Amino acid sequence: MVESQSWTNSFSTSFKNIHELYRFLDWELTPALEKVAKTYPVFIPRRLAEKIKVQGPQSVLAREFLPIESELDPDFKGLEDPIGDKTYHKAPQLIHRYESRALFTPTTICPVHCRYCFRKNELNVADEIFQQDFVETIAYLKAHPEVSEIIFTGGDPLTLSNDKLEKYLTAFSEVSSIKDIRFHSRYPVILPERIDDGFLALMEKFKSRFRTITLAIHANHVDEFDEINRQAIKKLTSSSMQILSQTVLLKGINDSTEVLLNLYQEFISLKIRPYYLHHPDQVKGGMHFYLPLRQGREIYHGLRKLIPGWALPHYVIDIPGGHGKISAMNPESTTFSGQLISKDGELVSIQEPDFFI
Ligand SMILES: *Cc1c(COP(=O)(O)O)cnc(C)c1O
Ligand code: SF4
């Protein structure tokens, strides 16, 4: 099949030059936007650029992937490394923060540059996190049998060829304490050609070598879906992999209960199991997508009434400064206030017998 050859071609013909992109869109490129793209370059596959052109400059897709002036606005203060990952860099390409699972970051390359990206200040620098010394990584994992899951992230891990993925999976399968494998990727939605026969065969080959192989698909809005990426996602959900969703809550993109409800209906139709709804990170250059936690909680709370428990994502926040990921509906203390918010949004008092308190 030609299909299995074509994703690298789609990748390499993507727009990386802002002038070519705006010429293709036939939209005006202002000097201010040109300047933004010097700091935060564009990267947009052709098929996505065609969709943006059809949907227009105010569309969700344009706002997710095209530069805007506020990215360089000095009044929008944000952090270079908003989630403090670097502190937990324990071996080459390995971030070990939570006891039982480690992030593996074999690439800085993505199929698109999302303007809200939490790594937007790192993706274009040759960072030591991404340097190779895989032998040391494996040695670390053998010395830390508490790690049972490897989470491929990046960048986007599906940028690796099927051959490279096979090499890594083989090595991880030889560490007896590694039981689960997970990928977090935007490819299924952005460059669905990547879900080729070779990739599906590889996952099939490794399904008995690990307890689970999971793919968390990153998507934020129904407008990202079309017949082509839905077909690719159907191949994934018909495979033996566990397919989850991952969404970033973003001001001006999906910051309402209705928009999220449509997105979760789409996930349900595609048999994608909702996993994470991330509160936006306070990233430098992406602060125009930020919304306060209070507002995020109200939006999420609205969803709880409309979506069954099995289709409700975990709403999580990465606490700035390296404190990790935790429920954003977290009570501010383990001391119980005596009240809980009901599904209808009312504060309800709960009486507990005195002798238990
Ligand atoms: C999100 C994350 C993980 C995975 O956490 P899960 O709760 O298993 O989804 C692991 N390591 C780091 C550093 C993370 O940010
Ligand atoms: S795919 Fe993920 S890592 Fe890559 S630019 Fe988008 S948000 Fe960032």
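Residues numbered from 1 in each chain as written. Chains lettered and ligands numbered in written order. Predicted model: local features only at pLDDT ≥ 70, side-chain atom pairs only at ≥ 80, totals over all residues. Heavy atoms only, no water.

- Within an unreviewed UniProt entry, the label attached to the protein reads KamA family radical SAM protein, and the organism entered is Peredibacter starrii.
- UniProt lists a comment for the protein under the heading Sequence similarities (unreviewed entry), and it reads "Belongs to the radical SAM superfamily. KamA family." (UniProt positions renumbered as here; feature names shortened; annotations may be inferred.)

**Here we look at the environment of Ala201**
Part 1 of the argument: Residue placement: Ala201 occurs in helix α9 (residues 197-206).
Part 2 of the argument: Since its relative accessible area comes to 46%, Ala201 is described here as partly exposed.
Part 3 of the argument: As a C-alpha pair, Ala201 and Glu136 span 65 residues in sequence and 29 Å in three-dimensional space. (Helix = DSSP H or I, 4+ residues; strand = E, 2+ residues; numbered from the N terminus. Buried < 20%, exposed > 50% of the residue type's maximum accessible area, 1.4 Å probe, protein only.)

**Observations concerning the site of ligand 1**
Part 1 of the argument: The immediate surroundings of ligand 1 are formed by Asp85, Arg97, Tyr98, Arg101, Leu103, Ile151, Arg182, Tyr275, Tyr276 and Lys325.
Part 2 of the argument: Arg101 places a polar side-chain atom, nitrogen or oxygen, 2.5 Å from an oxygen atom of ligand 1.
Part 3 of the argument: The side chain of Tyr276 places a nitrogen or oxygen atom 2.7 Å from an oxygen atom of ligand 1.
Part 4 of the argument: In isolation ligand 1 has 380 Å² of accessible area, and contact with the protein removes 89% of it.
Part 5 of the argument: Elements supplying a minimum of two residues to the shell around ligand 1: β2 (94-98), β3 (101-104) and β8 (273-278). (Near = heavy atom within 4 Å. Polar contact = N/O pair within 3.5 Å; in protein donor to acceptor, adjacent residues only side chain to side chain. Areas by Shrake-Rupley, 256 points an atom, 1.4 Å probe, with all protein chains shown as cover.)

**Some remarks on the pairing of strand β10 (residues 324-327)**
Part 1 of the argument: Relative to β10, strand β9 (residues 314-319) runs antiparallel, the two sharing 4 bridges. Each residue of the ladder has a partner; that of Val316, found in β10, is Ser327.
Part 2 of the argument: As consecutive antiparallel partners, β9 and β10 are separated by 4 residues, and within that stretch Gly321 has a phi angle of approximately 95 degrees, a positive value. (Pairing = 2+ DSSP bridges.)

**Examining unusual backbone geometry**
Part 1 of the argument: Of note, the amide linkage connecting Gly154 to Gly155 takes the cis form, showing an omega dihedral of 5 degrees.
Part 2 of the argument: Mapping Gly155 onto the fold places it in the loop between β4 (149-152) and α7 (162-173).
Part 3 of the argument: Even without being a glycine, Gln93 presents a positive backbone phi close to 65 degrees.
Part 4 of the argument: Locating Gln93 in the fold gives a position in the loop between β1 (89-91) and β2.

**Brief notes about the pattern of salt bridges**
Part 1 of the argument: Per the stated rule, a full pass over the model turns up 18 salt bridges.
Part 2 of the argument: Of the charged contacts, one joins Lys205 and Glu166 as a salt bridge, the two residues approaching to 2.4 Å between their closest N and O atoms. One end of the pair, Lys205, is in helix α9; the other, Glu166, is in helix α7, and 39 residues separate them in sequence.
Part 3 of the argument: Owing to a relative accessible area of 46%, Lys205 belongs among the partly exposed residues under this scheme. (Salt bridge = Lys/Arg side-chain N within 4 Å of Asp/Glu carboxyl O.)

**Concerning the packing of aromatic side chains**
Part 1 of the argument: Overall, the coordinates contain 19 aromatic pairs when judged by the stated rule.
Part 2 of the argument: The interplanar angle of 80 degrees and the centroid separation of 6.4 Å between the aromatic rings of Trp7 and Phe11 together place this pair among those described as edge-to-face. In this pair, Trp7 and Phe11 are both assigned in helix α1 (residues 3-12), 4 residues apart and thus about one turn of the helix distant.
Part 3 of the argument: On the basis of relative accessibility, which here comes to 7%, the residue Trp7 falls in the buried class.
Part 4 of the argument: What makes Phe11 buried here is its relative accessible area of 18%.
Part 5 of the argument: Taken together, a centroid distance of 5.1 Å and an interplanar angle of 85 degrees make the contact between Phe104 and Phe172 edge-to-face. Taken as a pair, Phe104 in strand β3 and Phe172 in helix α7 lie far apart in primary sequence, 68 residues in all.
Part 6 of the argument: Under the relative-accessibility criterion, Phe104 is labelled buried at 0%. (Phe/Tyr/Trp six-rings, centres within 6.5 Å; stacked < 30°, edge-to-face > 60°.)

**Description of the nonpolar core**
Part 1 of the argument: Counting 91 residues, the largest nonpolar core has Ile52, Phe152, Phe172, Ile181 and Phe183 as the members making the most contacts within it.
Part 2 of the argument: In contact with Ile52, not counting residues within four places along its chain, are Leu25, Trp27, Ile44, Ser59, Leu61, Ala62, Phe65 and Leu66.
Part 3 of the argument: The next biggest cluster of nonpolar side chains, apart from the first, holds 5 residues, and it includes Ala216, Leu244, Tyr275 and Val316. (Core = buried A, V, L, I, M, F, W, Y, C linked by side-chain atoms within 4.5 Å. Contact = heavy atoms within 4.5 Å.)

**Quick look at the pairing of strand β5 (residues 180-185)**
Part 1 of the argument: The element β5 is extensively covered by neighbouring structure, given that 6 of its 6 residues are classed as buried.
Part 2 of the argument: Bridge count between β4 and β5: 4 bridges; the pairing is parallel. Its bridge partner being in β5, Ile151 is matched across the sheet by Arg182.
Part 3 of the argument: In terms of handedness, the path from β4 via α7 over to β5 forms a crossover that is right-handed. (Right-handed = clockwise from strand over helix to strand, strands pointing away.)

**Re the UniProt feature "binding site: [4Fe-4S] cluster" (unreviewed entry) in the protein**
Part 1 of the argument: Feature annotation in UniProt assigns "binding site: [4Fe-4S] cluster" (unreviewed entry) to the following positions: Cys110, Cys114 and Cys117.
Part 2 of the argument: On the secondary structure map, Cys110 appears in the loop between β3 and α6 (134-143).
Part 3 of the argument: Judged by relative accessible area, Cys110 falls into the buried class, the value being 14%.
Part 4 of the argument: Mapped onto the secondary structure, Cys117 falls in the loop between β3 and α6.
Part 5 of the argument: Judged by relative accessible area, Cys117 falls into the buried class, the value being 14%.

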